[in-house]
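One-letter residues, chain by chain:
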Amino acid sequence: MKILRNKIESYLEVDPFILDQNVKKKKFIDIIRHQLRHHIKNCKNYRLWYEKNNFLKPDKINKYEEIPFVPSAVFKNVELKSIKSKTKIISSSGSSGKNKSSIAIDEATSSLQKKCLSKILKSTIGQQRRIFFIADAEPKENFGQMLISARYAGMSGYLLASKETNYLFKLNNKNQLEVNHDTVKKLNSIIEKEPIVIIGYTYIIYDHLIRNKEIKLQNSLCNKNTKLVHFGGWKKLHNNKITKQEFNNQAITKFKIDANNIMDIYGFSEQLGSIYVSNGNGGCKVSNYSHILIRDPKTLKVVEDGQVGFMQFLSILPLSYPGISILNDDIGYISKRTFEKNVEKIEFKVHSRLDKLELRGCGDTLPDHYYI
């Protein structure tokens, strides 16, 4: 595994978004081949599944679309672990709060995830560390414990880019968020003077920050380099008919911020560290550390750009579990693909989410023998 880890660490030294597409494909698929061999050897359930489906042997894989994928829902039902060493178990929040995914993360995988996340963040919010104002309460959870929630695990990664953290809320005796007026006062004192980062989960920023009349920003205009970063599921907002454009419009009014500085980050627990950033109303950008394919919901064949289908995400990062190729529960499409000096730039948009999914993360599309 040491050779594989060194290959990944070396590849993470390349620029997140500028790399010749042929160089990316060659190096990316080489790492995936090594990853497949590693997981087939060390994860019994994954090996049995791989052999049962008679997938291409790793050395025979030459195209992105030839890389086998697992539905993200299998992590709710089957233990998939590729190492024997001590791990933390990341538990996803789940759309319904039931039957959560469990992902085993060891120190090596965690280190790679943090490095990947840090590289992409620096490329999008700037190289210098910023003061962070967090739309949440300071967590009570101990990050050293063996079982931690995806909410706080996800947030901890972003805080690597901060030089100082300030929490805009605190928990009252009913465990509910209430405004931390001292932090809001501090925010008002510097928001015009220097670039900061306001960050949090999408629904918390909307419900508790943007719409909260207790929080009044007294500035005429925030610093031109200030970023509003939000991530996490859109389900609660979509249920209330709040679109991304409406969210952005209200954020612009509240913070007097440029739309391009509002960053919506897409990611999911089964591939922590691999994030996809969109600016304003644009699509989510695919970095060189990941790749995306859209597959027809009926045939599972790769579709043309603009067509809606299941999203298959490829990541070079996971060592402790076979999460390198995931078909997740969201439906989406490639919204933009451009080529500049042989650099391929891909953006995608999420169309909708499949609800009430369990093991068959793709409804009844996949044949029975495909499930782990």
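Residues numbered from 1 in each chain as written. Predicted model: local features only at pLDDT ≥ 70, side-chain atom pairs only at ≥ 80, totals over all residues. Heavy atoms only, no water.

Novice: I'd like a rundown of the side chain of threonine 183, residues and numbers included.
Specialist: Along the chain, threonine 183 falls in helix H6 (residues 181-190). Here threonine 183 is in contact with Phe133, Asn166, Tyr167 and Leu168, once residues within four sequence places are set aside. (Helix = DSSP H or I, 4+ residues; strand = E, 2+ residues; numbered from the N terminus. Contact = heavy atoms within 4.5 Å.)

Novice: Tell me about the environment of glutamate 13, and please be specific about residues and values.
Specialist: Among the structural elements, glutamate 13 can be located in the loop between helix H1 (2-11) and helix H2 (21-42). On a C-alpha basis, the gap between glutamate 13 and lysine 115 in space is 9.4 Å, while along the polypeptide they are 102 residues apart. Leave out the neighbours within four places in its chain, and glutamate 13 touches Lys115 and Lys119.

Novice: Give a description of the nonpolar core that names residues and reports values.
Specialist: Core analysis: the largest hydrophobic core is formed by 104 residues, its most contacted members being Ile8, Leu209, Phe247, Phe255, Ile292 and Phe348. Considering every element that reaches this core, the biggest residue donor is helix H4 (residues 107-125), with 7 residues. In this structure, Leu300, Phe310, Leu327 and Ile331 belong to the second largest nonpolar core, which totals 5 residues. (Core = buried A, V, L, I, M, F, W, Y, C linked by side-chain atoms within 4.5 Å. Buried < 20%, exposed > 50% of the residue type's maximum accessible area, 1.4 Å probe, protein only.)

Novice: An account of the packing of aromatic side chains is needed here, citing residue identities and associated values.
Specialist: Summed over the entire model, instances satisfying the criterion amount to 20 aromatic pairs. Feature note: the residues Tyr266, Phe268, Tyr276, Phe313 and Phe348 constitute an aromatic cluster, connected by ring pairs. A cation over a ring is seen here: lysine 24 above phenylalanine 28, with NZ or CZ 5.7 Å from the ring centre. Between the NZ or CZ atom of lysine 236 and the centre of the ring of tyrosine 203, over which it lies, the distance is 4.1 Å. (Phe/Tyr/Trp six-rings, centres within 6.5 Å; stacked < 30°, edge-to-face > 60°. Lys NZ or Arg CZ within 6 Å of the ring centre and 35° of its normal.)

Novice: Provide a residue-level description of the pairing of strand E4 (residues 130-137), including the pertinent values.
Specialist: The element E4 is extensively covered by neighbouring structure, given that 8 of its 8 residues are classed as buried. Where E4 and strand E8 (residues 196-201) come together, 4 bridges link them in parallel fashion. Of the residues in E8, the one forming a bridge with phenylalanine 132 is valine 197. (Pairing = 2+ DSSP bridges.)

Novice: Give a description of empty space enclosed by the protein that names residues and reports values.
Specialist: Scanning the entire structure with this criterion turns up 2 cavities of 30 Å³ or more. As a volume, the largest cavity reaches approximately 70 Å³. Taken together, Leu19, Asp20, Gln21, Lys24, Val286, Ser287, Asn288, Val343, Glu344 and Ile346 form the lining of the largest cavity. If one sorts the elements of the lining of the largest cavity by residue count, strand E16 (residues 343-353) sits on top with 3 residues. Taken together, the residues of the lining of the largest cavity break down into 4 nonpolar, 3 polar and 3 charged. (1 Å grid on protein atoms, 1.4 Å probe; cavity = no way out; pocket = protein on both sides within 12 Å on 5 of 7 lines; lining within 4 Å. Points joined across faces, edges and corners; volume = space filled by probe spheres on them. Nonpolar A, V, L, I, M, F, W, Y, C, P; charged D, E, K, R; others polar.)

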